[in-house]
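Reading the structure
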Amino acid sequence: MLPSESLIMTRRLLTLAFLIFPIISSQAQNVDDLARGFANVPKAYRMKMFWRIFGPSLDKDEIDYQFKLMRGAGLGGVMTFFTYPIGLDNPEKGTKNEQFLSPAMLNMFGYAASAARREGLRFGVAGGTGWPYGGPSVSLEDSAQRIRRVEVASTDIFRKLELKPNEKVFAWYSRDKGILQVIPSLSLSSQDKFYAAIIGPTLMKVKRPSLGAEGYVVSHYNRAALERYLAAVPEKLISATNGNIQSIFCDSLEVYGSNWTPELPEEFKKRRGYDLIENLPALFEDERPSAPQVRFDFWRTLAELHEEHFTKPLGEWCRKHHVQLEMEEYGTPPAPLTAYQHIDVPTGEQYEWQGFSFSRYPASGAHLAGKRKVGAEAWTWMGIPNRLADTLTDFKLGSDYHFGSGINELTGVDWAYSPRNAAFPGWLPYYGPVMNQNNSLFPYFHYLVEYVNRCQFLLQQGKPVAEVALYLPVEDCFSKSSTDQMPLDFLLRDHFATGKLTPEFGLKNASDHHSNVIHSLITNGYNFDGIDFWTLNRSAIIKNGRITCGDGDYGIVLLHKVKTIESNALQRLFEFVQQGGKLLVTGFEPSEIAQHGSISPDLLNKMTFMFGTISDQTHSNVRYLGKGSVTFVDNEGEKEIAIALKVMTGAHDPDVITLPNLSNVAFIHRQTPKSDIFFLSNTYDGSSRFVAQIKTRLKYVTELNPVTGKAIRRTAVRNANSIYQSVRMTLPRKGSTFLIASKDPFPGAIAEQSKSVEEIEMDTLKWNVTFAGENPPAPYQTVSLTSWTEWPGAKYYSGTAIYRTTFAWSGKGPSFAELQFGAVHDSADVWINGKLVGGTWCPPYSIDITRAVKPGANTLEVRVGNVMANRYIGMPREDFKALRAVYGNRFPDPEEKDVMKEPAPSGLFGHVVLNVVR
């Protein structure tokens, strides 16, 4: 019997309260709240995983089993995502691929939502299968549309167009005669060339769809088309769960080639004040003088239509149905930063922390819209193209890259739904990384989850602090690009990059990605948000030389290689500088105004006052205007930018200064009414020692270690009349920490002590090693700790190795004892005298064993897990012929066996040292 409508509504309202109340009212009010939340992270702050459902094929027992594993690992929720079949129907194993949205599938989905609620997991679902939104309910009329141009000789003008389904000729034109309305009445010569502007569907279909969800991508410019799609797909998903869904997800915008909607000509004329049809030649031909302006207005109009006809109504629909919208609002079609006001949890994806990544973009939009949670599709393709060799240290580094980009809520890629009866490696997506019960690192996954949860709790407190607004050259991107496609996210990312452009995924690519201008900001202690002309014109408040918008509050605006500025944004920047704001211009100064038609003398004068050529400056490279100034750097050298930033100190002091000046430390500063929260991450593959000068007027400084959960009261030094506290720091390679400045002492923090540590070498220990799991190698004895892949029968083993030994301790127990391993590949639990003392899964591979050591003989047991790739590459290649014969080729072949020629190092390595204080 179905619940009554009132009961469903009550559940949904409770669900909404469950989601929103922690965000609004569970903000830590003082250090006591911070201490409690850090020690025991509330569920609302715990990370989620994408729960990837293949087929769709689901089983109630498997749903219950997997959700229990997730809860046990400390996860806070799942984002359900339906995708392509990966296993054939098998009645003996109870495996059946159901049609998407069939009664059987919806019934199982409803059960999953209830099961998640029973386990205390937040439950969300993507608003369709694969991406972008679309499927069989989308007609050609509602699908993504485009305008394209075809060149036709006069003799072939009616014969060679080769129109595709639902396409039609929108207009004809020639270079000499312009727009032509009636082709047959013309007198044509064989030398004439004509062009047909053709409109119609792109015919793009949903990528990686589930069974029965194949179909066209819905138009992202057409509100009516979106509403029909929402009624056909997400409405049914929500109805199947009796109010147990808390959020709807919309993946990155990858609507390739879509640049049209039937309303565009009318909307263009209404918004831009001139006729698009009459200017079609300029839209398609670079050499036309008006081409840059027409293209700017073309993409500007489409971006606004996308926000108003897709993002805004999607957010309204979610609120009407009492669910949150989590959305990756970037890609193609382009979107203004103002669109983030319609999204509850703006969500990112990439992790180039030293660039303007696809995580920095939504973080900027979230801050400008006052959204406290900024999500990320975390870890995607960290080890590209190897899905299965990512270690928990890699996961941590990827998380830190996200955090350093402004993200504070991770949804990890990927928890793959895989039935227990599926042979190893189970059901896997074609991309990585992958986590579930089949991953040999899963027993240690909870350590990573605990780390992320602690970070998320602290990074969701208060408001972000960033002094610099980085002006995004949307005008240049629009005006210089072709009509065919507008990948604004990539264009902006690459605009700020220096040197060789890197691919979009992979930890190595993220590490290699570099931007002189962004790197200069970070190295000199400034965090930043992107800002665009829409934000300046629509929602920014300019007062007393500062720009405020949402949670953003900026005293410096940086323009990097901006050639063209939208006319109203130029006036806003002029106002900002006159009132005392600082403008930093790097590379070259703007020289054009994005405005169709004539430009007023007043606007041209303002352009000249602000950006007159560098050689005209009477104060070297600084131009003073009203109470503010414009500083020029005629290249993008980091030293020159650093000098310019130092000129701006005073009211615009940086947030974090490292001494010596380090280029590898990512940082985030957040501020509550009673605390300053600083996140510091060492992205370098080596330890870093430095003095951190943190901008705060608060007295007490506490270091919170998000890996161990420990709090240490630090000895900070304040210079006379300084706004900075100085703290001596040591961060291990790929290490991270929090510094909390507060008015009152942090409860439970241990006082910092200088210890005279004695190092006891333990190289003579004899280790007995046994293996647990499927097809274990033979036991092994060793004194020298090397990779077990070098041992007999263990080369392709993935699983757990149990290292056992004994050591003696004379005298009373030490006041401090720490085991330090040379390296652990890749994660381990440590047991002393039969007691689990904790895990070591990331550098510096040390663990406190003080409370477990006793006088006399002590037993030491270390249970080590390695990556699942070793076993996988030792197996025969997977054969997908039978699967593809039934369902078609829906995913690419895996590449591990091609790129991973030898198994990854495994086990305990190097020296073992006991660090003690007697």
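These notes cover the structure that comes with them.

Rules and cut-offs
- Residues numbered from 1 in each chain as written.
- Predicted model: local features only at pLDDT ≥ 70, side-chain atom pairs only at ≥ 80, totals over all residues.
- Heavy atoms only, no water.
- Helix = DSSP H or I, 4+ residues; strand = E, 2+ residues; numbered from the N terminus.
- Rg over C-alpha atoms; globule rule 2.2 N^0.38 Å.
- Buried < 20%, exposed > 50% of the residue type's maximum accessible area, 1.4 Å probe, protein only.
- Contact = heavy atoms within 4.5 Å.
- Areas by Shrake-Rupley, 256 points an atom, 1.4 Å probe, with all protein chains shown as cover.
- Phe/Tyr/Trp six-rings, centres within 6.5 Å; stacked < 30°, edge-to-face > 60°.
- Expected span 1.5 Å × (residues − 1).
- Pairing = 2+ DSSP bridges.
- Axes fitted to C-alpha atoms, helices over the stretch in contact; angles between N-to-C directions.
- Parallel < 35°, antiparallel > 145°, perpendicular 65-115°, else oblique.
- Left-handed = near helix turned anticlockwise from the far one by under 90°.
- Nonpolar A, V, L, I, M, F, W, Y, C, P; charged D, E, K, R; others polar.
- Salt bridge = Lys/Arg side-chain N within 4 Å of Asp/Glu carboxyl O.
- Core = buried A, V, L, I, M, F, W, Y, C linked by side-chain atoms within 4.5 Å.
- Polar contact = N/O pair within 3.5 Å; in protein donor to acceptor, adjacent residues only side chain to side chain.

The secondary structure content of the protein chain amounts to 23 helices and 48 strands. The C-alpha radius of gyration computed for the protein chain amounts to 30 Å, which stays within 12% of the reference 29 Å derived for 918 residues, consistent with globular compactness. Along the longest, intermediate and shortest principal axes, the C-alpha atoms of the protein chain span 105 × 75 × 60 Å. Considering the protein chain as a whole, with its 918 residues, one finds that 63% of them fall into the buried category. The long-range fraction of contacts in the protein chain, counting pairs at least 24 apart against all pairs at least 6 apart in sequence, stands at 78%. Here the protein chain displays about 34800 Å² of accessible surface, and carbon together with sulfur accounts for 51% of that area.

The subject of this paragraph is the packing of aromatic side chains. In this structure the tally under the stated criterion is 44 aromatic pairs. Residues W767 and Y803 carry aromatic rings whose centres are separated by 6.1 Å and whose planes lie at 80° to one another, so their mutual orientation is edge-to-face. In this pair, W767 is assigned in strand β40 (residues 767-772) and Y803 in strand β42 (residues 800-809), connecting sequence segments 36 residues apart. Like Y803, W767 is buried. Here the aromatic rings of Y780 and W791 are separated by 4.1 Å at their centres, their planes lie at 15°, and the arrangement is stacked. Of this pair, Y780 sits in strand β41 (residues 780-782) while W791 is found in the loop between β41 and β42, placing the two residues 11 residues apart along the sequence. On the basis of relative accessibility, which here comes to 28%, the residue Y780 falls in the partly exposed class.

Okay, helix α11 (residues 392-404) next. With 13 residues, α11 should reach 18 Å at 1.5 Å per residue; the first-to-last C-alpha distance of 18 Å fits that figure. Within α11, 13 of the 13 residues are buried, which leaves the element mostly enclosed by the surrounding structure. One or two steps after α11, the chain reaches G406, where phi turns positive at roughly 100°.

Pairing in this open sheet of four strands is antiparallel, and the strands run β29-β32-β36-β35 from one edge to the other. A single partner strand is all that each edge strand has here, and the edge strands are β29 (656-659) and β35 (717-718). For β29 and strand β32 (residues 688-695), the ladder comprises four bridges, and the chain directions are antiparallel. Bridge pairing in β32 places L659 opposite V691.

Attention now moves to helix α10 (residues 360-369). When you tally the buried positions in α10, you get nine out of 10 residues, the bulk of the element. Along α10, the residues classified as buried are R360, Y361, P362, A363, S364, G365, A366, H367 and L368. Just downstream of α10, G370 is the residue with a positive phi angle, here 75°.

A word on the packing of helix α2 (residues 31-39) against helix α12 (residues 445-459). Two elements in contact, α2 and α12, have axes separated by 9 Å at closest approach and are oriented at 155°. Judged by the angle between their axes, α2 and α12 are roughly antiparallel. You can see that α2 and α12 cross each other, and the crossing is right-handed. Where α2 approaches α12, its residues D33, L34, G37 and F38 are matched on the opposing element by R454, F457 and L458. In terms of residue class, the contact of α2 with α12 is built from four nonpolar, one polar and two charged.

The next subject is the sheet that holds strand β6 (residues 168-174). Taken together, the four strands give an open sheet; going across it, the order is β5-β8-β6-β7, and neighbouring strands pair in antiparallel fashion. The open sheet has two edge strands, β5 (145-153) and β7 (178-180), and neither has a second partner. Averaged over all pairs of adjacent strands, the angle between strand axes in this sheet comes to 30°, irrespective of strand direction. Bridging between β6 and strand β8 (residues 193-201) involves five bridges; their strand directions are antiparallel. Pairing of V169 across the sheet is with I198, part of β8.

Using the criterion set out here, one finds 52 salt bridges in the structure. The residue E167 makes a salt bridge to R146 at a minimum N-O spacing of 3.6 Å. In this pair, E167 sits in the loop between β5 and β6 while R146 sits in strand β5, placing the two residues 21 residues apart along the sequence. Across the pair E167 and R148 runs a salt bridge, and its minimum N-O distance is 2.9 Å. A residue pair is termed long-range when its members are at least 10 positions apart, and E167 in the loop between β5 and β6 and R148 in strand β5 qualify at 19 residues. Exposure class is identical for E167 and R148. Each is buried.

Residue P132 follows W131 across a cis peptide bond; omega there is -15°. Along the chain, P132 falls in the loop between β3 (122-126) and β4 (134-135). A cis amide bond links I384 to the next residue, P385, at an omega of 0°. With respect to the helices, strands and loops of the structure, P385 is situated in the loop between β15 (375-378) and α11. Residue L101 is not a glycine yet carries a positive backbone phi of 70°.

Counting residues in hydrophobic clusters, the biggest one holds 239 residues, and the most contacted among them are W51 and F445. It is helix α9 (residues 291-320) that contributes the most residues to this core, 11 residues altogether.

Now for the side chain of Q460. Among the structural elements, Q460 can be located in the loop between α12 and β17 (463-464). By relative accessible area, Q460 is classed as buried at 3%. Within the structure, Q460 has its side chain in polar contact with the backbone oxygen of N408 (distance 2.9 Å). Residues in contact with Q460, not counting those within four places in the same chain, are Q27, Y45, K373, N408, E409 and R670.

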